[in-house]
Amino acid sequence: MSALPNPTVNSPTHTPRKHAAEEINRAMARFPQIVQILGELGQAQVPFPGDDDIRHGCERALTAMLSELARIEIAPAGKSSKAEEIAQSWLDSSVSGQFIDVDKLQRMQQFIDRILNSANA
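Conventions used here
Residues numbered from 1 in each chain as written. Predicted model: local features only at pLDDT ≥ 70, side-chain atom pairs only at ≥ 80, totals over all residues. Heavy atoms only, no water. Helix = DSSP H or I, 4+ residues; strand = E, 2+ residues; numbered from the N terminus. Buried < 20%, exposed > 50% of the residue type's maximum accessible area, 1.4 Å probe, protein only. Contact = heavy atoms within 4.5 Å. Areas by Shrake-Rupley, 256 points an atom, 1.4 Å probe, with all protein chains shown as cover. Core = buried A, V, L, I, M, F, W, Y, C linked by side-chain atoms within 4.5 Å. Expected span 1.5 Å × (residues − 1). Arc of directions from axis to C-beta.

Caption draft 1: Highlighting the overall build of the protein chain. The helix and strand tally for the protein chain stands at six helices and zero strands. Looking at the protein chain as a whole, 31% of its 121 residues are labelled buried. A sequence separation of at least 24 residues applies to 85% of the contacts in the protein chain between residues at least 6 apart. By element, 55% of the accessible surface of the protein chain is carried by carbon and sulfur atoms, the whole surface being about 8,100 Å².

Caption draft 2: Representation of the nonpolar core within the structure. Residues I24, M28, F31, L69, L91, M108 and L116 are the most contacted members of the largest nonpolar core, which totals 29 residues. Of all the secondary structure elements, the ones that give two or more residues to this core are α1 (16–27), α2 (31–43), α3 (51–71), α4 (82–89) and α6 (102–115). With sequence-adjacent residues up to four places away left out, L116 is seen in contact with R17, A21, I24, A75, E84, A87 and Q88.

Caption draft 3: Molecular detail of α3. The end-to-end C-alpha separation of α3 is 31 Å, in line with the 30 Å expected for 21 residues at 1.5 Å each. Within α3, burial applies to D51, C58, A61, L62, M65, L66 and L69. Across the axial projection of α3, the buried residues extend over an arc of 145°, all falling on one side. Projecting away from the buried face of α3 at angles above 90 degrees are the exposed residues D52, D53, R60 and R71.

Written out as structure tokens, the structure is:
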């Protein structure tokens, strides 16, 4: 009986650095939708019933994203990947600062930079 190789173990295409970037991307996946929802709420001439509940839900989602980012381990130095480029670009939009607390955005960026060691790069 021969053992078949397990392609997921020590796969050269899935480095710990790429894995950390993919975790960031999973944590931030709802971010564009939250920005869009908050943008639409901000453009409304008259608040509708339930708007405050939606804003509160968006704030809770952002807090959950911060919590997820805080749990991601720091990536070791290594080769950059497309996943890392995406991870670094989540907060590039100037639109998000119009609808989301700047301190929260700054904290998210600090977590992303810490995980990917961007300050040392």
